[in-house]
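Descriptive structure summary
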Amino acid sequence: MHMHVDDKRKEAVRVTWIGAIVDTLLGVAKIIAGLIYNSHALVADGIHSLSDLVTDFMVVFIVGVSHEEPDEEHPYGHERFETLGTVVLGFLLVAVAGAMAYESTLNLINADQVSLPGWPALVIAGISILSKEWIFRYTMAVGKRLKSDLLIANAWHSRTDAYSSIVVFIGIGGAMAGFPWLDSLAALAVALFVAKIGWDLSWKSLRELVDTAIPQEELDRIKQVAMDVEGVQDVHSFKSRQMGPKILLEMHLQVHPYLSVSEGHYIGDTVVMRLLKEFTDIGHIIFHIDSEDDDEQRVCLLLPMRSEITALIDQQLEEHTQLIRRERLTLHYLKGRIELELRVKSADGGTVDHSALSAVYQAMLPHLQQQTWFSSLTLYQRA
């Protein structure tokens, strides 16, 4: 059973608030311990933890907005707010990585000026690593379950804090062992990794914002499910885009050209139901029923409409009104021309003789053949 939208929002907010509480406790603890036990790196790491509160609050706000129901201004929903939030969060990760790299480079240059910290600072750094790793795994699990790129991005943000604490742990341990430069060297490596995570998250979401199609292999699987529906002859003009965790699809479904409109539409509805059942990440499907492959054959836009053709048929039948009357006219717009199916009835309510019907056909055909749009005429009476 799929989770309700409101349940998803509540779980996303819950995991984010838990992360915010942990960030607050760790940030305060690291700053106090760093000041008491002479660890500038631990103080900086504490400030880093408190800065995570900004992103936590941002995630809570965006999750609330992105899970709102569609409205008049956003008929497709609000999932793109989550995508936009992921872009911002990804760039924040890159910015954090840049600050880490800058500070680490300065410390590497001035390694001989680094103060030696006390062992409690090492313990606090170790606790920070374990806590942030737990938050990372918890948030990542929820993000994958809810298919939320924003939560996944925030999970990676939590892991950057864990990596930052690893750097601090190594730096404190290295400084206590007489190798203060280890802190700066490890920090540079971590900064590059954090920058890559931030860029990957931002790039994925930026591609979504410009309506990049979903991977071809996934499109092929979706097309095959549609093709397996009885009555579907082909699927073409296939378009896809991502909107938050949901996929939006547009497609043309080719059916037999002589099906009724209602049957063709029912086949299309069946395709939609099959796809929504098979792929839970599909959010919206727009389909168009085709009687032929309009990717190859473009119908002439100058073909006459029903009223003009009906007037022409009635004009041809005028001299035969004592014999037959028009009952139903069916038009088939195929290959740039029009096929006519004309069902007639006897003027006196009886049955029209076959030879008389053939005579009417032979009289009408030459006039119709003068029309550039004419393809064929089928003349018959109710059985």
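Model, not experiment: these values are computed from the prediction.

For the structure shown, the criterion picks out 3 salt bridges. Put simply, D314 and R326 hold a salt bridge, and the shortest N to O gap is 2.6 Å. With D314 in helix α9 (residues 306-317) and R326 in strand β4 (residues 324-334), the pair connects residues that are 12 residues apart, well separated along the chain. The exposure class assigned to R326 is partly exposed, which follows from its relative accessible area of 34%. Between E327 and R343 there is a salt bridge, and its shortest N-O distance comes to 3.3 Å. Here E327 is found in strand β4, whereas its partner R343 is found in strand β5 (residues 337-346), with 16 residues between them in sequence. Given a relative accessible area of 26%, E327 falls into the partly exposed group.

Here we take up the packing of α9 against helix α10 (residues 354-369). Relative orientation of the contacting elements α9 and α10 amounts to 135°, with a least axis distance of 10 Å. With respect to their mutual orientation, α9 and α10 come out oblique. Here the hand of the crossing between α9 and α10 comes out right-handed. Contacts between α9 and α10 pair L312, I313, Q316 and L317 from the former with V360, M364, H367 and L368 from the latter. A breakdown of the residues in the contact of α9 with α10 according to their chemical character gives 6 nonpolar, 2 polar and no charged.

Another point: the side chain of E339. In this fold, E339 is placed in strand β5. In this structure, E339 is buried with no salt-bridge partner, the nearest side chain bearing the opposite charge being K335 at 7.2 Å. Only 2.6 Å separates the side chain of E339 from the side chain of Y258, close enough to count as a polar contact. With residues near it in sequence (within four places) discarded, E339 still touches Y258, T330, L331, H332, L334, S375 and S376.

Definitions and cut-offs
- Residues numbered from 1 in each chain as written.
- Predicted model: local features only at pLDDT ≥ 70, side-chain atom pairs only at ≥ 80, totals over all residues.
- Heavy atoms only, no water.
- Salt bridge = Lys/Arg side-chain N within 4 Å of Asp/Glu carboxyl O.
- Helix = DSSP H or I, 4+ residues; strand = E, 2+ residues; numbered from the N terminus.
- Buried < 20%, exposed > 50% of the residue type's maximum accessible area, 1.4 Å probe, protein only.
- Axes fitted to C-alpha atoms, helices over the stretch in contact; angles between N-to-C directions.
- Parallel < 35°, antiparallel > 145°, perpendicular 65-115°, else oblique.
- Left-handed = near helix turned anticlockwise from the far one by under 90°.
- Contact = heavy atoms within 4.5 Å.
- Nonpolar A, V, L, I, M, F, W, Y, C, P; charged D, E, K, R; others polar.
- Lys, Arg positive; Asp, Glu negative; His and termini not counted.
- Polar contact = N/O pair within 3.5 Å; in protein donor to acceptor, adjacent residues only side chain to side chain.

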